[in-house]
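Structural features, examined
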Number of protein chains: 2
Amino acid sequence: MPSISGKTIGRLCVYRRQLQRLRDEGKSNVYSHQLAALTGGSAAQVRRDLMAIGYRGTPYHGYRIDELSGSIASFLDDPDGQEVALVGLGNLGRAILAYFDGWRPHLTITAAFDVDPGKVDRVIHGCKCYAIAKLESITRRRKIAVGVICVPAREAQTVAEKLAGGGVKAIVNFAPRRLHLPDDIYVEDIDVTTALEKAAFFALEHKRQPDSKAK
Amino acid sequence: MPSISGKTIGRLCVYRRQLQRLRDEGKSNVYSHQLAALTGGSAAQVRRDLMAIGYRGTPYHGYRIDELSGSIASFLDDPDGQEVALVGLGNLGRAILAYFDGWRPHLTITAAFDVDPGKVDRVIHGCKCYAIAKLESITRRRKIAVGVICVPAREAQTVAEKLAGGGVKAIVNFAPRRLHLPDDIYVEDIDVTTALEKAAFFALEHKRQPDSKAK
DNA sequence: ATCTGTGAACTCGTTCACAGCT
DNA sequence: AGCTGTGAACGAGTTCACAGAT
């Protein structure tokens, strides 16, 4: 296990989701090229990624879906389960909460935080909401290691520091700001605005030169 | 302009946002290393990216913020403005709608679509909602080239095909499914689930080996 | 015949390092 | 002195292509 790349981790998550789907369809084994088609990669890529976690398929029969799922799970998941803290219950924060409500048991948003006194102490989409002042103490006491930031850009840095102060080790950041944190803390940025602007740019390219078959 | 990479496009969007912020603070020029610190890249990277769009700074004084903003804008934006169609008005779709309501004039979500008759023909977060049956005809008539997919995974492929059928050239896809489309259509995936699982994995790594200063 | 595992080649993106400008 | 512009070196990640397995 010579330190696997973040890109591979991301793809493993995607593979796993597709595997569960295949299993629901009653399939029991799968070839690398099938998994590739399902996830938008190449067959060689899939094989390399699976090699990285040490799971070996069998020639001619490919990979056993249940075994592979299990291998990925034991590689990615904490057997004790993991709790997640979400900060910022605006439209986006509540949508995320609803999205993950009743999610897999091993990864659950179990604490939400907001400044709005109208939200504090209520239960929203199955998740108890606390005052932001309690962020550090609660994450620390419950050993929460994963945080999600859904606050406005202005407050993102402050919140990030509080999360770090509470012992959180990885953050999903929806705010359009680069977070400045100790570099042993992992940050995954989700920048919706940039995604939309990028898409708009490529649509515009199309209009500018109506030829071209390139992607 | 030998076809600029998608990564550079993404960073240009980020630079622009930071430039606007600097301008609001009354600054008039900026150095590559400052922009780098603000956006989490390296100074050399910033210079390369700006080189790509042909804007040239001046040694010792760096880049003029207003000029550079203008250069990026004329590179990225359609002077006629661009309309965006959003499909799927669940929690996430509505949150996105709210998020972009009153956004920059040149890039606006002007049509939303859902199957739910209770939402059709209403105005939600400043955006008129139509039945999905009208998706193709409306996008085609209004020459909408950018779409956002916020429907459940099961329906994502069908919706994507309808968007493509209506002449949409670029799609932001929030559904956890790989879309299968003609490859002249640009797809930007935003996979919230994978992002959270990735973060959880890196938090877990931390717990597994409490040493290590690597990012 | 058709798959996997993997060294080797390659591609793309990033960083280095330095010439040139002010 | 302190910046930008850029050829050149570098590196991570991806694909090629084929040996080995069934």
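Every one of the 21 residues lining DNA strand D counts as a neighbour, but Arg48(A), Ser32(B), Arg48(B), Arg56(B) and Gly57(B) are closest to it. Sugar plus phosphate: this is where 64% of the atoms of DNA strand D within 4 Å of the protein reside. Between a base nitrogen of DNA strand D and a side-chain N or O atom of Arg47(A), the distance comes to 3.3 Å. Elements represented by at least two residues in the surface near DNA strand D include exactly α1 (6-24) and α3 (43-52) of chain A together with α2 (32-39) and α3 (43-52) of chain B. Here the surface near DNA strand D is composed, by residue class, of 6 nonpolar, 8 polar and 7 charged.

To continue, consider the domain arrangement of chain A. Here chain A is partitioned into domain 1 (6-76) and domain 2 (82-194). Here the C-alpha centre of domain 2 of chain A lies 30 Å away from the C-alpha centre of domain 1 of chain A.

To continue, consider the pairing of strand β3 (residues 82-87) of chain A. Residue and element names in this part refer to chain A. Among the 6 residues that make up β3, 5 are buried, leaving the element largely enclosed by the rest of the structure. Relative to strand β4 (residues 107-114), β3 is paired through 6 bridges, and the arrangement is parallel. Residue pairing across strands places alanine 85 opposite alanine 111, the latter belonging to β4. The parallel pair β3 and β4 is bridged by helix α5 (residues 91-100), and the resulting crossover is right-handed. When β3 meets strand β7 (residues 146-149), the two strands line up parallel, connected through 4 bridges.

Once that is clear, we can look at the interface of chain B and chain A. With 66 residues of chain B at the interface, the matching set in chain A holds 66 residues. Viewed at the interface, chain A and chain B are joined by 12 salt bridges. Of the charged contacts, one joins Asp80(A) and Lys207(B) as a salt bridge, the two residues approaching to 3.4 Å between their closest N and O atoms. Summed over the shared surface of chain B and chain A, the number is 20 residue pairs in polar contact (both at pLDDT 80 or more). Of all the elements, helix α8 (residues 192-208) of chain B adds the most residues to the side of chain B that touches chain A, at 16 residues. Considering only residue class, the side of chain B that touches chain A consists of 34 nonpolar, 11 polar and 21 charged.

About the thresholds
- Residues numbered from 1 in each chain as written.
- Chains lettered and ligands numbered in written order.
- Predicted model: local features only at pLDDT ≥ 70, side-chain atom pairs only at ≥ 80, totals over all residues.
- Heavy atoms only, no water.
- Near = heavy atom within 4 Å.
- Polar contact = N/O pair within 3.5 Å; in protein donor to acceptor, adjacent residues only side chain to side chain.
- Helix = DSSP H or I, 4+ residues; strand = E, 2+ residues; numbered from the N terminus.
- Nonpolar A, V, L, I, M, F, W, Y, C, P; charged D, E, K, R; others polar.
- Domains from an automatic or database assignment.
- Buried < 20%, exposed > 50% of the residue type's maximum accessible area, 1.4 Å probe, protein only.
- Pairing = 2+ DSSP bridges.
- Right-handed = clockwise from strand over helix to strand, strands pointing away.
- Contact = heavy atoms within 4.5 Å.
- Salt bridge = Lys/Arg side-chain N within 4 Å of Asp/Glu carboxyl O.

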